[in-house]
Amino acid sequence: MSILLLGASGLAREVLAAGLGEMTDVAGVLDDDPARHGTICGGVPVLGGLDEARRRQDQLLVCVGSGRRRREIVRRLTASGVRSGRYATFVAPGALIGGSSTVGVGAVLLPGAVVTADASVGQHVVVMPGATITHDDRLDDFTTLAAGVSLGGGVHIGEAAYLGMNAAVHPGITVGARATVGMGAAVLHDVPADQTWVGVPARPLSSRTLEALA
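These numbers come from a predicted model, not from an experiment.

Below, the discussion takes up the overall build of the protein. Along the backbone of the protein there are four helices and 24 strands. Taken over C-alpha atoms, the radius of gyration comes to 17 Å for the protein, in line with the 17 Å a tight globule of 214 residues would show. Taken across its 214 residues, the protein has 48% of its residues classed as buried. Relative to all contacts within the protein whose residues are 6 or more apart in sequence, the contacts with residues 24 or more apart total 27%. With the model as given, the accessible surface of the protein reaches about 9400 Å², and the carbon-plus-sulfur share is 53%. Taking the average place of the 17 positive charges on the side chains of the protein and the average place of its 19 negative ones, the gap between the two points comes to 6 Å.

So, on to helix H1 (residues 10-17). Along H1, the residues that are buried comprise Leu11, Ala12, Val15 and Leu16. In a view along the axis of H1, the buried residues occupy a sector of 140°, so they form one face of it. One side-chain oxygen of the residue at the start of H1 lies 3.3 Å from the amide nitrogen of Leu11, identifying that residue as Ser9. One or two residues past the end of H1 sits Gly19, with phi positive at roughly 110°.

In this section: helix H3 (residues 67-79). Taking 1.5 Å of rise per residue, the 13 residues of H3 would be expected to cover 18 Å, and the 18 Å separating its terminal C-alpha atoms lies within 8% of that figure. Residues of H3 that are buried: Gly67, Arg70, Arg71, Ile73, Val74 and Leu77. In an axial view of H3, the angular spread of the buried residues amounts to 160°, which keeps them on one side of the axis. Turned more than 90 degrees away from the buried face of H3, the exposed residues are Arg75 and Ala79. Where H3 is buried, its residues meet strand E1 (3-6), strand E5 (59-62), strand E12 (126-127) and strand E15 (144-145). For H3, the capping residue at the N-terminal end is Ser66, with a side-chain oxygen 3.4 Å from the backbone nitrogen of Arg68. Following H3 by one or two positions, Gly81 has its phi on the positive side, about 105°.

Glancing now at the UniProt feature "domain: PglD N-terminal" (unreviewed entry) in the protein. Here the UniProt-annotated "domain: PglD N-terminal" (unreviewed entry) positions come out as residues 3-77. Regarding residues 3-77, the helix share stands at 31% and the strand share at 27%, and the terminal C-alpha atoms are separated by 16 Å.

Moving on, we get to the nonpolar core. Ranked by size, the top nonpolar core spans 30 residues in total, and within it Val127, Ile133, Leu145, Leu151, Ile157, Leu163 and Val175 carry the most contacts. Not counting residues within four places of it along the chain, the set of residues in contact with Ile157 comprises Arg138, Leu139, Asp140, Thr143, Leu151, Leu163 and Val175. Ala8, Ala18, Val26 and Val46 belong to the second largest nonpolar core, which has 23 residues in total.

Take unusual backbone geometry next. With omega at -10°, the peptide bond leading from Val200 into Pro201 counts as cis. One can find Pro201 in the loop between strand E23 (196-198) and strand E24 (203-204). Residues other than glycine seldom take positive phi values, yet Asp118 does so here, at roughly 55°. Asp118 gets classed as partly exposed once you look at its relative accessible area, which sits at 45%. Despite not being glycine, Asp194 has its phi angle at roughly 70°, a positive value. As for its placement among the helices and strands, Asp194 is situated in the loop between strand E22 (186-187) and E23. Asp194 sits in the partly exposed class, given a relative accessible area of 45%.

This brings us to the pattern of salt bridges. One pass over the structure, following the stated rule, counts nine salt bridges. As a salt-bridge pair, Arg56 and Asp58 come within 2.7 Å of each other at their nearest N and O atoms. Given a relative accessible area of 29%, Arg56 falls into the partly exposed group. The exposure class assigned to Asp58 is buried, which follows from its relative accessible area of 7%. Across the salt bridge formed by Asp140 and Arg138, the nearest N and O atoms sit 3.5 Å from each other. Asp140 gets classed as partly exposed once you look at its relative accessible area, which sits at 21%. Each of Asp32, Asp51 and Arg76 takes part in a single network of salt bridges with overlapping partners.

Cut-offs used in this document
- Per chain, residue numbering runs from 1 following the sequence as it is written.
- Under the rules for a predicted model, residues below a pLDDT of 70 receive no local features and side-chain atom pairs below 80 are neither given nor counted, while totals for whole chains, interfaces and linings still include all residues.
- By convention in this description, side-chain values take in all heavy atoms of the structure and omit both hydrogens and water.
- Secondary structure counts use DSSP, requiring at least four H or I residues in a row for a helix and at least two E residues in a row for a strand, with both numbered from the N terminus.
- Each radius of gyration is computed over the set of C-alpha atoms, and the globule rule expresses the reference value as 2.2 Å times the number of residues to the power 0.38.
- Burial here depends on accessible area, computed with a 1.4 Å probe over protein chains only, as a share of the maximum for the residue type. Under 20% is buried, over 50% is exposed, and the range in between is partly exposed.
- Any two residues having at least one pair of non-hydrogen atoms within 4.5 Å are treated as being in contact.
- For the accessible areas, the method is Shrake-Rupley and the probe is 1.4 Å, while residue cover comes only from the protein chains on display.
- Here the positive residues are Lys and Arg and the negative ones are Asp and Glu; neither His nor the chain ends is included.
- The atom standing in for a charge is NZ when the residue is Lys, CZ when it is Arg, CG when it is Asp and CD when it is Glu.
- As used here, the arc is the angular range of directions from the helix axis to the C-beta atoms.
- Distance and chemistry together define a polar contact, namely a pair of N or O atoms within 3.5 Å, with one atom able to donate a hydrogen and the other to accept it when in protein, and with adjacent residues in sequence counting only for side-chain atoms on both sides.
- Helix span is expected to be 1.5 Å times the residue number reduced by one.
- UniProt positions are given in the numbering used here, feature names are shortened, and annotations may be inferred rather than shown by experiment.
- The nonpolar core is taken to be a set of buried Ala, Val, Leu, Ile, Met, Phe, Trp, Tyr and Cys residues, with the residues joined through side-chain atoms within 4.5 Å.
- By definition here, a salt bridge exists when the distance from a side-chain nitrogen of Lys or Arg to a carboxyl oxygen of Asp or Glu is within 4 Å.

Quick look at the structure:
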């Protein structure tokens, strides 16, 4: 069956560059921006808005970098009658998934991503190149790991959380739902939901932290 990418984004172009078109037929891209309709994204045509997804039979892959936005798209399509069975999962050639680990529907794992033993990657999770998920980690739905993120064993990443490039998380830590961890941060303590932590060691972002970074 052919596949439609949802979102004419950098992530869509990365998925196509990583070889999706060599694994299955890519019918095109859907995006709500009318200015993109009729253009080309990563070598495939942008066919129309996201609502076209419910009128077609193709499999779907949400290619939007923001986990919260991915969640909004899935909820919107669910409300219009699109079922979870419509969504594809993309594990790029060069990504390594341990046999005892699981990857949820709609997830995207790009080249160089590593998932070792007994880890759980939720639905519509995005794992960028070079990110490492080690034993017993749990990534809830719609989380995003940017390039080079490293998770120690037993880490829990909450729904729609975002970890920036080269962030590292100590074993056993929880990063709460919708939290943001800045690039290069070293997370040694639990990060509460909806907070932004930055630095080495990572601390909550505050006006004083912003002044220090300026």
